[in-house]
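Observations on chain architecture
This is what each chain is made of:
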Amino acid sequence: MLVAAAVCPCPPLLVPEVAAGAAPEMDDARAACYDVIGVLAAARADRLVVVGPAEQAARGVHPQGARGSFRSFGVDLEVSLGKPPEGGPGGGDGRALPPSLAVGAWLLERTGWSSAPVEGLGVGEPLSRERCAAAGRDLAATAGRVALLVLGDGSACRTLKAPGWFDERATAFDAAAARALGAADVSGLLELDEELAYELQVSGRASWQVLAGAAEDAGLSGRLLYDAAPYGVGYLVAGWS
């Protein structure tokens, strides 16, 4: 059963070494992410699953101890998704974590996560809402007390300088996502339009809908901690408990 969730954005710019001179611009988002992971630590979960968008080769389960890096972003920094299980091989199954899960691993390392075993799930952004919800229900059934760290960004079209240029529909889409995440509104998340999310370059839609499936009948309440678009990309931080 799902007992808690933390929703965070996953731009590599969250990592100060990657952001370099621009690091202060992400200070508020970074601080909100640190705070919301406290929701997970307080939940006394039996299992934590880190869910984030992934390209095809990195989709599926990433076991505890799987490693990732930020070398493709010009920084020689490695991270591990929790400590490798005692007596098991380091590095998980040998596949590198996708960038979203690498950011998640970095957040957990930075906040000293040690409360429960952890693994990752890379989700394909084209995955339908029905399959996302089904995947979430499956995750919630894997242990008595399950927590999720859910990673993904909103639209990348909020300003003229945004990665996806400006789209007048972006603000409304992000506002709907923010309302649903802040209210722990399962139906609201599942109503987010898949095609529109694709057009607006939303990386978090599938991850959020996995969360929606996991939270069905869990009776959780939500709180929105951060909602801004410092680079023309919607970044949202929310906690469910």
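Fair warning: this is a prediction, and the values are worked out from it, not measured in the lab. (Residues numbered from 1 in each chain as written. Predicted model: local features only at pLDDT ≥ 70, side-chain atom pairs only at ≥ 80, totals over all residues. Heavy atoms only, no water.)

For the rest of this paragraph, the subject is the state of the cysteines. If you walk through the whole model with that rule in mind, you get zero disulfides. Cys8 takes part in no disulfide bond, and the closest cysteine sulfur to it belongs to Cys33, at a distance of 3.5 Å. Note on Cys157: no disulfide assigned, nearest cysteine sulfur contributed by Cys10 at a separation of 16 Å. Overall, Cys157 belongs to the buried group, its relative accessible area being 1%. (Disulfide = S-S within 2.5 Å. Buried < 20%, exposed > 50% of the residue type's maximum accessible area, 1.4 Å probe, protein only.)

Across its 14 residues, helix H5 (residues 170-183) extends 20 Å between first and last C-alpha, which sits within 8% of the 20 Å expected from 1.5 Å per residue. Residues of H5 that are buried include every one of Ala170, Phe173, Asp174, Ala177, Ala178, Ala180, Leu181 and Gly182, and no others. Just past H5, the residue Ala184 takes up positive phi, approximately 50°. (Helix = DSSP H or I, 4+ residues; strand = E, 2+ residues; numbered from the N terminus. Expected span 1.5 Å × (residues − 1).)

Residue Arg44 is not a glycine yet carries a positive backbone phi of 55°. Structurally, Arg44 is set in the loop between helix H2 (27-42) and strand E2 (47-53).

Moving on to the nonpolar core. Inside soluble globular proteins, nonpolar side chains tend to come together where they are buried. Counting 45 residues, the largest nonpolar core has Phe70 and Leu149 as the members making the most contacts within it. Excluding residues that lie within four positions of it along the chain, Leu149 makes contacts with Ala6, Cys8, Leu40, Leu48, Val49, Val50, Val51, Gly104 and Leu108. (Core = buried A, V, L, I, M, F, W, Y, C linked by side-chain atoms within 4.5 Å. Contact = heavy atoms within 4.5 Å.)

Take Trp240: it is sitting in strand E9 (residues 235-240). Under the relative-accessibility criterion, Trp240 is labelled buried at 1%. Distance in space between the C-alpha atoms of Trp240 and Asp27 is 22 Å, their sequence separation being 213 residues. Here Leu181 takes part through its backbone oxygen, which lies 2.8 Å from a polar atom of the side chain of Trp240. (Polar contact = N/O pair within 3.5 Å; in protein donor to acceptor, adjacent residues only side chain to side chain.)

Attention now goes to the side chain of Ser100. If you trace the backbone, Ser100 turns up in helix H3 (residues 99-110). On the accessibility criterion, Ser100 (3% relative accessible area) is buried.

With that out of the way, let us pick up the side chain of Glu119. One can find Glu119 in strand E6 (residues 118-123). Polar side-chain contacts of Glu119 include one of 2.4 Å to the side chain of Arg47. Once residues within four sequence positions are removed from consideration, Glu119 is found in contact with Arg47, Leu48, Val49, Val50, Val61, His62, Pro63, Gln64 and Leu81.

Within strand E7 (residues 146-151), six of the six residues are buried, which leaves it mostly tucked inside the rest of the structure. Here strand E1 (residues 2-8) pairs with E7 via six bridges, running parallel. Within the sheet, the bridge partner assigned to Ala6 lies in E7 and is Leu149. Sheet topology note: the E2/E7 ladder contains five bridges and is parallel. (Pairing = 2+ DSSP bridges.)

Running from N to C, H2 and H3 cross one another at 70°; their axes reach a closest spacing of 10 Å. The angle between H2 and H3 falls in the class roughly perpendicular. Only Trp106, Leu107, Leu108 and Arg110 of H3 make contact with H2, whose side of the interface consists of Arg30, Cys33, Tyr34 and Ile37. Tallied by class, residues from the contact of H2 with H3 come to six nonpolar, no polar and two charged. (Axes fitted to C-alpha atoms, helices over the stretch in contact; angles between N-to-C directions. Parallel < 35°, antiparallel > 145°, perpendicular 65-115°, else oblique. Nonpolar A, V, L, I, M, F, W, Y, C, P; charged D, E, K, R; others polar.)

With that settled, the discussion passes to the pairing of E1. Along E1, seven of the seven residues are buried, which leaves the element largely enclosed by surrounding structure. Bridge count for E1 against E9 is three bridges, and the pairing is antiparallel. Residue pairing in the sheet places Ala5 in a bridge with Trp240 of E9.

None of the figures reported here should be taken as evidence of function without further support.
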